[in-house]
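Here's the letter readout for the chains.
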Amino acid sequence: MALVFSIDLPSTVHSIDPAVSYRHMYKKTKWNLFTKKTNNEFAPFIPTDRNLTNTEILDHINKLNSFIASSIEKYVPKFKPDDNVLNYINLRIKKLHKKKSFLISPLNRTRRQNPNPYVISTLNNLINIVNVKLKAEFKSSYEKYWDSQIRAIDHRNVESFFPKINRFFRPKGEMKIDFFEIDNTELHLLARAGCNINTLPKVNKNLLVESPSDILNVIGAYYEQVNSPRIINADLPFKDEVEKVVNELVKTFENNHSSGSHITEFSDNNPATGPRPIDNSIFFTSVDLSTRIFRSLPNKTSSGLDNIPPIVLKHLPPCIIREYTTIFNNCLNNRFFPDPWKRAKILPILKKGKPASKVSSYRPISLTPAVSKVYEAVISFTLRKHTYSNNIIPDNQFGFRTQHSTTHAIHKITTDTNSHLHKGDVVSACLVDLEKAFDSVWFPIHSSY
C-alpha cells in the first residue's frame, strides 16, 4: 500500500537546494595547508614526452577541474549565507565554548546517573557565568571587527576605497528579474528567443515575458544582437582587408590541423614542460613563467562555469602548475583554445536609474574560467615580446600596454601643447568619443580558434 500526496506551495515560499545552501569561505582558508594537502594527494598524469590531441587536452582539463573542485570541498571552509558569525569568533570565544562543553558533559551525566541537586545547581551556575562571558566577549569581538573594517578604509587608495564603501552601504542583494515588457520595436527578440507570442499576456500594448526560461532566452537574444553587422563597420575597405588576412590565417590553421601539423614535437629531450626555442623565437611557456602568472592572480573569489576562483589557482601546488604548463604548451603547439575556457557565466546587472522591466536596462558581466586568463597571459607574454623586439607598437599607443596609462597620454598631450604654444604655434585637437565602443569593435567568429 502506498500513500501519494501533492503539495502546492505559495509563490512566496522558496525551496532550498541543500547542495547550494552554503558558500565557500575562501578568505578564511588556510592556504598553506590547502597547498600542502593537494600536493600530497595529487599524482601527475599528463604525459610530457609526446604531443597531445585536442581531445586529450580537453580530457585532462576536465580531470584537473574535478581534482581541484574536490580539494575545494575538502579544505575550504563553508558557511551558510544567512548565518555567518565566524568573522567574530576569536580565540577567547573558542576557549569559552570549549569550557562550556566541558561543563555540559558532567551536567548531563549527573542528571542521568546520580541526580544530585547541589552538583546540578553548581554546574548550572558555572555554565551561566560562561554564557555571560561569551555574550560580553562576542559583543566586544563584534565591535572590534567592524572597527577594524572601518579603519581599513583608506580614502587615499582610490582602487579599494569605493569597493569597500559599497560593500558596507550598498550590499549586493539577490538579483531577480520578475518580468520584461517588450514593445513593438523589440518583437524580433521574442522570435530569436523562441517565445510563443500568442501565449504572452499584454499590458498597455506591451507583451509581458514572465517565465524564467523565456526571460533568460530574451536576455540572450538581446546580448547576441549587440555586436551584430548593423553596428559594425560593414563594407568599409579597412574591415574587408582585415577580414581577408584573418580568413587566410584561419585557413592556414585549418590546413595545419587537418594535416596534423604542429610547431614542434615533444619528446624526452624536448618535454612539453619546457620546449626548446625555435629559430630564436619563443612560442611556448615554461614552468617558471606559468608559476609567476598563477602566483600573480588576484585574491578574487568569483568564478566562471568551472567554479574555480582565482584565489584557488593562486595557491595550487607546483605539481599541478606543471600539469597546466604541459596543457598550455600543447594548446599552443596545436594552435588550440579549449572551448570550456571560452564559455562564460553571464550576469545581467541593472544599470543605474534604468527600468528593471526593460531588457536593454541590463549590462552583462562575463565570468570566464580563471585558468583561461592564465592561458591568455601566456599568449600575451609571447605577443608582447614579439611586438616590443620588432618595434611594432607605436610610442603614442598608451592603452593596453604594461606600465602605460591615460596619465601618460594626458602628460604627453599637455607637454606637446605647451611646447608648441611656447614656440608661437597654433594648436588644434580632434577628440573622438565612440558610443558603445566595445560593442562596436569588429571581430570575426571562428568557433575552433
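As a reminder, the structure under discussion sits directly above these lines.
Residues numbered from 1 in each chain as written. Predicted model: local features only at pLDDT ≥ 70, side-chain atom pairs only at ≥ 80, totals over all residues. Heavy atoms only, no water.

Side note on the sheet that holds strand E5 (residues 206-209)
The strand order across the open sheet built from 3 strands is E3-E5-E4, with neighbouring strands paired in antiparallel fashion. Only two strands of the sheet have a single neighbouring strand rather than two, namely strand E3 (180-182) and strand E4 (202-203). In the sheet, E4 pairs with E5 via 2 bridges, with the strands oriented antiparallel. Opposite valine 203, over in E5, you have asparagine 206 as the bridge partner. Docked against the sheet, helix H7 (residues 212-226) engages E3 and E5, running at close to 60° with respect to E3. (Pairing = 2+ DSSP bridges. Helix = DSSP H or I, 4+ residues; strand = E, 2+ residues; numbered from the N terminus. Contact = heavy atoms within 4.5 Å. Axes fitted to C-alpha atoms, helices over the stretch in contact; angles between N-to-C directions.)

So, the pattern of salt bridges
Counted according to the given criterion, the structure contains 13 salt bridges. A salt bridge links arginine 151 to aspartate 147; the nearest nitrogen and oxygen atoms lie 2.8 Å apart. Of this pair, arginine 151 and aspartate 147 both sit in helix H4 (residues 117-151), 4 residues apart, which is roughly one turn of that helix. Under the relative-accessibility criterion, arginine 151 is labelled exposed at 66%. (Salt bridge = Lys/Arg side-chain N within 4 Å of Asp/Glu carboxyl O. Buried < 20%, exposed > 50% of the residue type's maximum accessible area, 1.4 Å probe, protein only.)

A short note on the packing of aromatic side chains
Applying the stated criterion across every chain yields a total of 15 aromatic pairs. On the numbers, 5.1 Å between centres and 65° between planes, the contact of phenylalanine 42 with phenylalanine 67 is edge-to-face. In this pair, phenylalanine 42 sits in the loop between helix H1 (31-41) and helix H2 (54-75) while phenylalanine 67 sits in helix H2, placing the two residues 25 residues apart along the sequence. Neither residue differs from the other here; phenylalanine 42 and phenylalanine 67 are each classed as buried. Taken together, the ring pairs in this structure connect Phe294, Tyr324, Phe328, Phe337, Trp341 and Tyr375 into an aromatic cluster. (Phe/Tyr/Trp six-rings, centres within 6.5 Å; stacked < 30°, edge-to-face > 60°.)

Remarks on the side chain of aspartate 306
Along the chain, the position of aspartate 306 falls in the loop between helix H9 (287-295) and helix H10 (310-314). Here aspartate 306 sits buried without a salt bridge, and the closest side chain of opposite charge, lysine 345, lies 7.4 Å off (N-O distance). Contacts of aspartate 306, omitting those with residues within four sequence positions, involve Asn65 and Pro369. (Lys, Arg positive; Asp, Glu negative; His and termini not counted.)

Some details on helix H3 (residues 91-113)
Look at H3: 34 Å from first C-alpha to last across 23 residues, which is about the 33 Å you get at 1.5 Å a residue. When we look at burial in H3, the residues that qualify are Ile93, Leu96, Leu103, Pro106, Leu107 and Thr110. On its buried face, H3 sits against H4. Two to three positions downstream of the cap, the backbone nitrogen of arginine 92 sits 3.2 Å from a side-chain oxygen, assigning the N-cap of H3 to asparagine 90. (Expected span 1.5 Å × (residues − 1). Polar contact = N/O pair within 3.5 Å; in protein donor to acceptor, adjacent residues only side chain to side chain.)

Quick word on the packing of H9 against helix H12 (residues 370-389)
Interhelical geometry of H9 versus H12 gives an angle of 125° and a closest axis separation of 10 Å. As the angle between them shows, H9 and H12 are arranged oblique. Taken as a pair, H9 and H12 cross one another with a handedness that is right-handed. On H12, the residues that touch Leu289, Ile293 and Phe294 of H9 are Val374, Ala377, Val378 and Phe381. When the residues that make up the contact of H9 with H12 are grouped by side-chain class, the tally is 7 nonpolar, no polar and no charged. (Parallel < 35°, antiparallel > 145°, perpendicular 65-115°, else oblique. Left-handed = near helix turned anticlockwise from the far one by under 90°. Nonpolar A, V, L, I, M, F, W, Y, C, P; charged D, E, K, R; others polar.)

With respect to the nonpolar core
Counting 41 residues, the largest nonpolar core has Phe294, Val312, Leu313, Tyr324, Ile327 and Phe328 as its most contacted members. Listed by contribution, the elements that provide at least two residues to this core are H1, H2, H9, H10, helix H11 (318-334) and H12. It is H11 that provides the largest number of residues to this core, a total of 8 residues. Setting aside chain neighbours within four positions, we find tyrosine 324 in contact with Leu64, Asn65, Ile68, Phe294, Leu316 and Val371. Formed by 19 residues, the second largest nonpolar core is a distinct cluster that contains Val209, Ile219, Tyr222 and Val359. (Core = buried A, V, L, I, M, F, W, Y, C linked by side-chain atoms within 4.5 Å.)

Some thoughts on the environment of isoleucine 182
Looking at the secondary structure, you find isoleucine 182 in strand E3. When the C-alpha atoms of isoleucine 182 and serine 357 are compared, they prove to be 8.7 Å apart, with 175 residues separating the residues in sequence. If we ignore the near neighbours within four places in the chain, the residues touching isoleucine 182 are Leu187, Leu190, Asn206, Leu207, Val209 and Val218.

Observations concerning a nonpolar patch on the surface
There is a patch of nonpolar side chains on the surface, built from Val85, Phe138 and Tyr142 and spanning about 230 Å² of accessible area. Relative to the elements of secondary structure, valine 85 occurs in the loop between strand E2 (78-79) and H3. (Patch = residues over 30% accessible without salt bridge, like charges linked within 9 Å, V, L, I, M, F, W, Y side chains within 5 Å. Areas by Shrake-Rupley, 256 points an atom, 1.4 Å probe, with all protein chains shown as cover.)

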